[in-house]
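Here is how the chains run, residue by residue.
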Amino acid sequence: MSRGRILSRNKHWSLYGICLLFVALWCISPPLFINGAARVMALVSMIIALRLGRIYHRRYFAMLVFYVTYTLGIGLFKQGIEYFLLNIQAYIIFAFAYIAVNKDEKNDGTIYNFDKIIKVVEWIYPIWMIITLRAYNSIPNISRLLANNNNENVVVWSQQGIGGYGMIYSLVFYNIILLYILLNKGKKRILTAVNYILSLVTIIMAGYSIALIAVLLGSIIVLFIREKRVERIILVIFVAGILYALFLMFQTEIFNGLLSLADGTMYEQKIKDIINSFTEANAQGTLESRTILYQYSWETFLKNPFVGSAFSEKLMFGGHSFFLDTFAKFGLIGGIPFLYLLLYYPIRCIRKNKEFSLSLAILVLMIFVGGLNNLSAAFAPMVYVVYPALVKDD
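Each value, and the rule that gives it
Residues numbered from 1 in each chain as written. Predicted model: local features only at pLDDT ≥ 70, side-chain atom pairs only at ≥ 80, totals over all residues. Heavy atoms only, no water. Helix = DSSP H or I, 4+ residues; strand = E, 2+ residues; numbered from the N terminus. Buried < 20%, exposed > 50% of the residue type's maximum accessible area, 1.4 Å probe, protein only. Contact = heavy atoms within 4.5 Å. Areas by Shrake-Rupley, 256 points an atom, 1.4 Å probe, with all protein chains shown as cover. Phe/Tyr/Trp six-rings, centres within 6.5 Å; stacked < 30°, edge-to-face > 60°. Axes fitted to C-alpha atoms, helices over the stretch in contact; angles between N-to-C directions. Parallel < 35°, antiparallel > 145°, perpendicular 65-115°, else oblique. Left-handed = near helix turned anticlockwise from the far one by under 90°. Nonpolar A, V, L, I, M, F, W, Y, C, P; charged D, E, K, R; others polar. Core = buried A, V, L, I, M, F, W, Y, C linked by side-chain atoms within 4.5 Å. Expected span 1.5 Å × (residues − 1). Polar contact = N/O pair within 3.5 Å; in protein donor to acceptor, adjacent residues only side chain to side chain.

Caption draft 1: The overall build of the chain, seen in detail. Counting its regular elements, the chain contains 18 helices and zero strands. Out of the 394 residues belonging to the chain, those deemed buried represent 52%. If you take every contact in the chain between residues at least 6 apart in sequence, the share linking residues at least 24 apart comes to 73%. Carbon and sulfur atoms provide 65% of the accessible area of the chain, an area that totals close to 18,500 Å².

Here it is, written out as structure tokens:
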């Protein structure tokens with residue numbers, strides 16, 4: 001079997017590749033992602049892929065089994081099957097993470113090589129980005145409306161291929177990975193550059209302040225940290241802090257300048273939306289409006305740090321932080337395995353000095369975005385398939 005092939009003459013591996021590819025496409029395709037039947041198919045496909053794969057990292061596998069058993073058991077007891085249906089995305093995320101760790105533990109160059117999946121993603125994702133950009137340009141505030149699951153138009157828009165919250169934060173990670181490829185991976189491909197430009201424009205047009213800051217932060221790390229040197233990392237953190245401080249000091253002038261440049265153009269209203277996401281207390285997605293929810297999750301965790309609200313009358317959490325909410329629901333006994341499973345792969349790559357600047361950027365963005373926002377399964381193929389494909393054995 002040649003290196004890098006997903007589909008092979010061996011039907012066993014061919015089925016594995018097809019299953020993994022389908023789950024990845026489900027994650028990045030709004031019409032599939034919103035479809036209940038497709039979600040079940042994605043779950044079944046992931047289970048088949050896990051069943052066909054071998055267990056190379058037994059400690060990680062044991063932690064995964066413990067986490068799923070503990071959280072699913074409590075969730076089913078509290079909410080019944082509804083808990084499972086609401087958390088399918090989370091379990092798919094951890095399944096992707098497990099596959100990435102397995103690949104790094106023993107990369108046999110066949111079933112755990114993700115090169116073919118990346119090529120499919122590079123051809124498919126631009127379609128959804130272009131459809132999304134057209135909608136963002138023609139429907140006022142649609143990116144904000146798509147972030148509200150209670151909006152009756154979300155399903156219709158998603159079925160049309162328009163991406164919202166999940167897609168934008170997937171593109172945050174995708175954008176940084178593509179930037180790294182363009183800077184470091186010798187042969188430059190036009191398709192990679194097109195994906196990079198489209199992802200960056202889509203993120204900017206969406207106007208999610210946390211996403212914009214995350215892209216800037218990740219780009220700074222990839223651009224200025226090329227090797228594992230503590231002093232360089234400290235310098236970048238210092239410079240980033242200075243730039244952020246300058247932004248806070250002169251944000252009014254900066255925003256007014258942008259508005260002047262865009263005056264009378266099709267981008268004027270979008271720039272106003274972006275400015276509002278930073279400055280209005282009632283703008284959906286701002287940190288200020290979420291502080292109470294973060295605090296609620298934190299205080300719920302502190303009431304019983306060991307088990308959180310797992311043995312209370314119901315699971316209690318704020319609902320706007322992937323990390324804090326997990327600790328609020330399951331305490332340290334669930335939160336520590338959660339962090340271990342989610343962050344193990346990039347930390348391992350950093351320790352082994354594999355694609356160091358990219359690995360550091362991925363880790364920082366996972367902590368930053370996961371701490372301030374929820375993470376949907378849409379980000380998983382980027383962090384646990386596209387990124388690992390760049391990490392080669394020493």
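Caption draft 2: Focus on the packing of aromatic side chains. For the structure on display, the rule yields 22 aromatic pairs. With a centroid separation of 6.3 Å and an interplanar angle of 20 degrees, the aromatic rings of Tyr60 and Tyr98 are classed as stacked. Pair noted here: Tyr60 is in helix α4 (residues 58-79) and Tyr98 is in helix α6 (residues 88-105), with a separation of 38 residues, a long-range link. The exposure class of Tyr60 is buried, given its relative accessible area of 0%. Between Phe61 and Tyr98 the ring centres are 5.6 Å apart and the planes differ by 50 degrees, which places this aromatic pair in the tilted class. In this pair, Phe61 is assigned in helix α4 and Tyr98 in helix α6, connecting sequence segments 37 residues apart. In this structure Tyr98 comes out as buried when scored by relative accessible area, which is 5%.

Caption draft 3: Geometry of unusual backbone geometry. Of note in this structure, Asn353 is not a glycine but carries a positive phi near 60 degrees. As for its position among the elements, Asn353 is in the loop between α16 (322-351) and α17 (356-372). Even without glycine at this site, Glu355 takes up a positive phi of about 45 degrees. Relative to the helices and strands, Glu355 resides in the loop between α16 and α17.

Caption draft 4: Broad picture of the packing of α17 against helix α18 (residues 380-390). Two elements in contact, α17 and α18, have axes whose closest approach is 11 Å; the angle formed by their N-to-C orientations is 165 degrees. Put simply, α17 runs roughly antiparallel to α18. By crossing handedness, the relation of α17 to α18 is classed as left-handed. Contact residues: α17 offers Leu358, Ser359, Ile362 and Met366, while α18 offers Val383, Tyr384, Tyr387 and Leu390. The residue inventory of the contact of α17 with α18, partitioned by class, reads seven nonpolar, one polar and no charged.

Caption draft 5: Structural detail: the packing of helix α10 (residues 165-184) against helix α12 (residues 209-224). Relative to each other, α10 and α12 sit at 20 degrees, their axes nearing to 10 Å. In terms of their interaxial angle, α10 and α12 are classed as roughly parallel. In this structure, α10 meets α12 at a crossing whose hand is right-handed. In this structure, α10 uses Ile168, Tyr169, Val172, Asn175, Ile176, Leu179, Tyr180 and Leu183 to contact α12, whose residues at the interface are Ile210, Ala211, Ala214, Val215, Gly218, Ser219, Val222 and Leu223. Looking at side-chain class alone, the contact of α10 with α12 contains 13 nonpolar, three polar and no charged residues.

Caption draft 6: Structural view of the nonpolar core. Within the largest apolar cluster, 105 residues are counted, with the highest numbers of intra-cluster contacts made by Phe96, Tyr125, Leu342 and Tyr384. At 14 residues, the largest contribution of residues to this core is made by α10. Setting aside anything within four residues of it in sequence, one finds Tyr125 in contact with Ile28, Met167, Ser170, Leu171, Tyr174, Asn195 and Met382. Residues Tyr70, Tyr83, Ala310 and Leu315 belong to the second largest nonpolar core, which totals nine residues.

Caption draft 7: Inspection of α12 at higher detail. Helix length check: α12, at 16 residues, gives a terminal C-alpha distance of 23 Å against a target of 22 Å (1.5 Å per residue), a fit within 8%. Those residues of α12 not exposed but buried are Ser209, Ile210, Ala211, Leu212, Ala214, Val215, Gly218, Ser219, Ile220, Ile221 and Val222.

Caption draft 8: Highlighting helix α3 (residues 36-52). Given a rise of 1.5 Å per residue, 17 residues ought to cover 24 Å, and the 25 Å separating the end C-alpha atoms of α3 matches this to within 8%. For α3, every residue scored as buried is listed here: Ala38, Ala42, Leu43, Ser45, Met46, Ala49 and Leu52. Where α3 begins, one side-chain oxygen reaches toward the backbone nitrogen of Ala37, 3.0 Å away; that side chain belongs to Asn35.

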